[in-house]
Amino acid sequence: MMQTATTIFPVILPVSGTDQLLTGRDKVKALSRLARTALMKSCEKSGLRMDAFPKDEKGVPIPIGDVHWSLTHKSDMVGGVAALLPVGMDLETIRPVNDALLAKVADDDEWQLVSGDRQKSFFRFWTAKEAVLKAVGKGMVGLSNCRVVEVVDDTRMTLTYDGSRWPVAHFWFDGHVAALTARHFSVIWTLF
């Protein structure tokens, strides 16, 4: 399937039980390797090509030609995506978080945009903001400039970063949520 400028193919892969038991650098290397496998599968689905995975001095992915890319990993799942425009992807395992963390990820105006389970909403906000910060090449230092401005439904929301609007798509699966952002896109998720 060839990518158009408006279709993105994020790929999510499970981490093997053996790799989940690794610790320290061995685990980081295994997760990184598997996330790059997900990225290559995204390239295949998109008809894009990447021969290297360059990063700048801060660890931000550098586009190769017109191909932008993003990786994400947790202990049991990893993801990767390639696109013809700036893109960001994040993945989280849904688990209980404390109230201090809820307050850190969103302010009162943002929380008023959602109703129901704040724990679930926390992970929507967190993954969406991290995806946007990846797309703009900023780390979590940019968190205060990234705001949720619209919640469309359980799978779509809009954020702003320094005045620019960023649509975000969410994908829910097996106690996880993934978020993807890029401007003017449709998304076809792949979960292996």
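Numbering of residues starts from 1 in each chain and follows the order in which that chain's sequence is written. The predicted nature of this model means local features are confined to residues of pLDDT at least 70 and side-chain atom pairs, given and counted, to a pLDDT of 80 or more, with totals for whole chains, interfaces and linings taken over all residues. Hydrogens are left out, water is left out, and the side-chain values use all remaining heavy atoms of the structure.

S.K.: Can you tell me about the pairing of strand β4 (residues 77-83), naming the residues and giving the values?
M.R.: Exposure is judged per residue with a 1.4 Å probe applied to protein chains only, and the accessible area is read against the type maximum: over 50% gives exposed, under 20% gives buried, and values in between give partly exposed. Secondary structure elements are taken from DSSP: a helix is a run of H or I of four residues or more, a strand is a run of E of two residues or more, and numbering for both begins at the N terminus. Among the seven residues that make up β4, seven are buried, leaving the element largely enclosed by the rest of the structure. Because side chains alternate across β4, one face comprises the buried residues Met77, Gly79, Val81 and Ala83, and the other comprises Val78, Gly80 and Ala82, equally buried. Bridge analysis of strand β2 (residues 11-14) against β4 gives four bridges, and the strand direction is antiparallel. Bridged to Leu13 within β4 is Val78. Pairs of strands are assigned from DSSP output, requiring at least two bridges between the strands. Strand direction decides the pairing type here: strand β3 (residues 68-73) and β4, joined by six bridges, are antiparallel. Each residue of the ladder has a partner; that of Trp69, found in β4, is Ala82.

S.K.: Account for the nonpolar core, with residues named and values stated.
M.R.: Nine residue types can take part in a nonpolar core, namely buried Ala, Val, Leu, Ile, Met, Phe, Trp, Tyr and Cys, and a core is a set of them joined through side-chain atoms within 4.5 Å. Trp111, Phe122, Phe125 and Leu159 are the most contacted members of the largest nonpolar core, which has 25 residues in total. Secondary structure elements with two or more residues in this core: α3 (99-105), α5 (118-135), β6 (146-153), β7 (156-161), β8 (164-173) and β9 (176-181). No other element matches the nine residues that α5 contributes to this core. What makes two residues a contact is simply this: any of their non-hydrogen atoms within 4.5 Å. Once residues lying within four places of it in the same chain are set aside, the contact partners of Leu159 are Ala128, Lys129, Val132, Cys146, Arg147, Val148, Val149, Ser164, Arg165, Trp166 and Val168.

S.K.: Hey, could you go over the side chain of Arg36 for me, with residue numbers and the actual values?
M.R.: On the secondary structure map, Arg36 appears in helix α2 (residues 24-46). Buried charge without a salt bridge: Arg36, with Asp56 as the nearest opposite-charge side chain at an N-O distance of 12 Å. For the purposes of these results, a polar contact is taken to be a pair of N or O atoms within 3.5 Å, where, inside protein, one atom must be able to donate a hydrogen and its partner to accept one; residues adjacent in sequence count only when each atom of the pair is a side-chain atom. A distance of 2.5 Å separates the side chain of Arg36 from the side chain of Ser32, its partner in a polar contact. Apart from residues lying up to four places away in sequence, Arg36 is in contact with Phe53, Lys55 and Leu71. For the purpose of charge, His is not counted, nor are the chain termini; Lys and Arg are scored as positive and Asp and Glu as negative. Salt bridge, as applied in this entry: a Lys or Arg side-chain nitrogen positioned within 4 Å of an Asp or Glu carboxyl oxygen.

S.K.: Just give me the short version of the environment of Lys138, but keep the residues and values in it.
M.R.: Structurally, the position occupied by Lys138 is in the loop between α5 and β6. Owing to a relative accessible area of 42%, Lys138 belongs among the partly exposed residues under this scheme. Every residue in contact with Lys138, bar those within four places of it in the chain, is listed here: Leu133 and Tyr161.

S.K.: So what's going on with unusual backbone geometry? Residues and values would help.
M.R.: A positive phi is found at Asp162, a non-glycine position, where the angle reads about 45°. With respect to the secondary-structure elements, Asp162 resides in the loop between β7 and β8. You can call Asp162 exposed: its relative accessible area is 54%. One non-glycine residue, Asp174, lies in the positive phi region at around 40°. With respect to the secondary-structure elements, Asp174 resides in the loop between β8 and β9.

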